[in-house]
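Coordinate inspection notes
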Amino acid sequence: MLETQKPKAEQLFKKYWHLMCHIAMEILQNPADAEDAAQQALLYLLPHMDKLGDIDSPSTKAYVALTAKHRAIDLYRSRPHCEPLDVSNMKAAQVHPERLGVMEAISQLPPRDRDVLLLRFWAGYTTEEIGGMFHMKKDAVQKAIWRAKKKLAATLAGS
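Before going into details, it helps to say that this report is about the structure given with it.

Analysis parameters
Every residue gets a number counted from 1 within its own chain, in the order that chain's sequence is written. Local features in this predicted model are restricted to residues of pLDDT 70 or higher, and side-chain atom pairs are both shown and tallied only at a pLDDT of 80 or more, whereas totals for entire chains, interfaces and linings draw on every residue. As a rule here, side-chain values come from all non-hydrogen atoms in the structure, and water together with hydrogens is ignored. Here the term buried applies to any residue with accessible area under 20% of the maximum for its type, exposed to any over 50%, and partly exposed to those in between, with areas from a 1.4 Å probe on protein chains only. To qualify as a helix, a DSSP run of H or I must reach at least 4 residues; to qualify as a strand, a run of E must reach at least 2; elements of each kind are numbered from the N terminus. Within this analysis, the arc is defined by the directions that extend from the helix axis to the C-beta atoms. Should any heavy atoms of two residues lie within 4.5 Å, those residues are counted as being in contact. Here a patch means residues that are over 30% exposed by relative accessible area and free of salt bridges, tied together within 9 Å if like-charged and within 5 Å if nonpolar (Val, Leu, Ile, Met, Phe, Trp, Tyr). Here, Shrake-Rupley sampling with a 1.4 Å probe gives the accessible areas, and only protein chains in the shown set may cover a residue. Any carboxyl oxygen of Asp or Glu that lies within 4 Å of a side-chain nitrogen of Lys or Arg is treated as forming a salt bridge with it. The charge count includes Lys and Arg as positive and Asp and Glu as negative, but it does not include His or the ends of the chains. Think of each charge as sitting on NZ of Lys, CZ of Arg, CG of Asp or CD of Glu. Pairing of aromatic rings covers Phe, Tyr and the six-membered ring of Trp, with a centre-to-centre limit of 6.5 Å; geometry is then stacked below 30 degrees between planes, edge-to-face above 60, and tilted otherwise. Charges are assigned to positions over rings by a cutoff of 6 Å between ring centre and Lys NZ or Arg CZ, combined with an angular limit of 35 degrees from the ring normal. Every angle, taken between N-to-C directions, lies between 0 and 180 degrees, and every axis is a line fitted to C-alpha atoms, over only the stretch in contact when it is a helix. For classification, angles of less than 35 degrees are called roughly parallel, those exceeding 145 degrees roughly antiparallel, those between 65 and 115 degrees roughly perpendicular, and all remaining angles oblique. Note that Gly is not counted as nonpolar here; it falls among the polar residues with everything else outside the nonpolar set of Ala, Val, Leu, Ile, Met, Phe, Trp, Tyr, Cys and Pro and the charged set of Asp, Glu, Lys and Arg.

1. Comments concerning helix α7 (residues 127–134)
Inspection of α7 places Thr-127, Ile-130 and Gly-131 among the buried residues, and these make up the whole buried set. Summarising the axial view, the buried residues of α7 lie within an arc of 105°, below the 170-degree limit, and thus occupy one face. Positive backbone phi, at 55°, marks His-135, one or two positions downstream of α7.

2. Focus on the side chain of Ser-107
Its place among the elements puts Ser-107 in helix α5 (residues 97–107). With residues near it in sequence (within four places) discarded, Ser-107 still touches Ile-73, Arg-77 and Arg-114.

3. Some remarks on a positive patch on the surface
A contiguous patch of positive charge on the surface is contributed by Arg-112, Lys-143, Arg-147 and Lys-150. Looking at the element boundaries, Lys-150 is found in helix α8 (residues 138–158).

4. Digging into the packing of aromatic side chains
In this structure the tally under the stated criterion is one aromatic pair. Between Phe-13 and Trp-17, the aromatic rings sit 5.3 Å apart at their centres with planes inclined by 35°, giving tilted as the arrangement. Remark: Trp-17 and Phe-13 occur in helix α1 (residues 6–28); sequence separation between them is four residues, near one turn of the helix. Using a relative accessible area of 37% as the deciding quantity, one classes Phe-13 as partly exposed. The ring centre of Tyr-44 lies 4.3 Å from the NZ or CZ of Arg-71, which sits over that ring. Arg-120 extends its terminal NZ or CZ atom over the ring of Phe-121, reaching a point 5.8 Å from the ring centre.

5. Considering the pattern of salt bridges
All chains considered together, the criterion is met by five salt bridges. Lys-151 serves as the salt-bridge partner of Asp-113, at 2.8 Å between the closest nitrogen and oxygen. With Asp-113 in helix α6 (residues 111–122) and Lys-151 in helix α8, this residue pair connects regions lying 38 residues apart in the sequence. Given the relative accessible area of 40%, Lys-151 is considered partly exposed.

6. Some remarks on the packing of α7 against α8
Two numbers describe how α7 lies on α8: the axes approach to 8 Å, and their chain directions differ by 100°. By the angle between their directions, the pair α7 and α8 is classed as roughly perpendicular. Contacts from Thr-127, Glu-128, Ile-130 and Gly-131 in α7 reach Lys-138, Val-141, Gln-142 and Ile-145 in α8. The residue makeup of the contact of α7 with α8, split by class, is three nonpolar, three polar and two charged.

What follows is the structure in structure tokens.
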């Protein structure tokens, strides 16, 4: 990273750190892992600062959100899945067992389906905003969301 990009990196951190942690927490359900994923996302973004546009632009926010989501999914997949789940203190840890199955199913969807679902329902983007990110019309985004939800429902019904 160039010295001239340092202020932009600081702005990126200040503006999007909580968003990255929130997205990672939704996937990982563990604050320490969520911070790790957010740090990995930030470390991934730093060498690419010259490719980012305005820090406040919707496209930068979307890129940061997707990077955090992908790093969290990578971290989730790297976990061993054979450990028994201790449900005795789940309420205190705010882990919802029903979400774990949903997140596992979402992680198995094709990347575009995962992206439209997470952007719409976790990050709270409108269909118009998602359309701008993927260069799609609003109707096409709504159809993509509908198809992704249908695939998700089929995946959850099969598990």
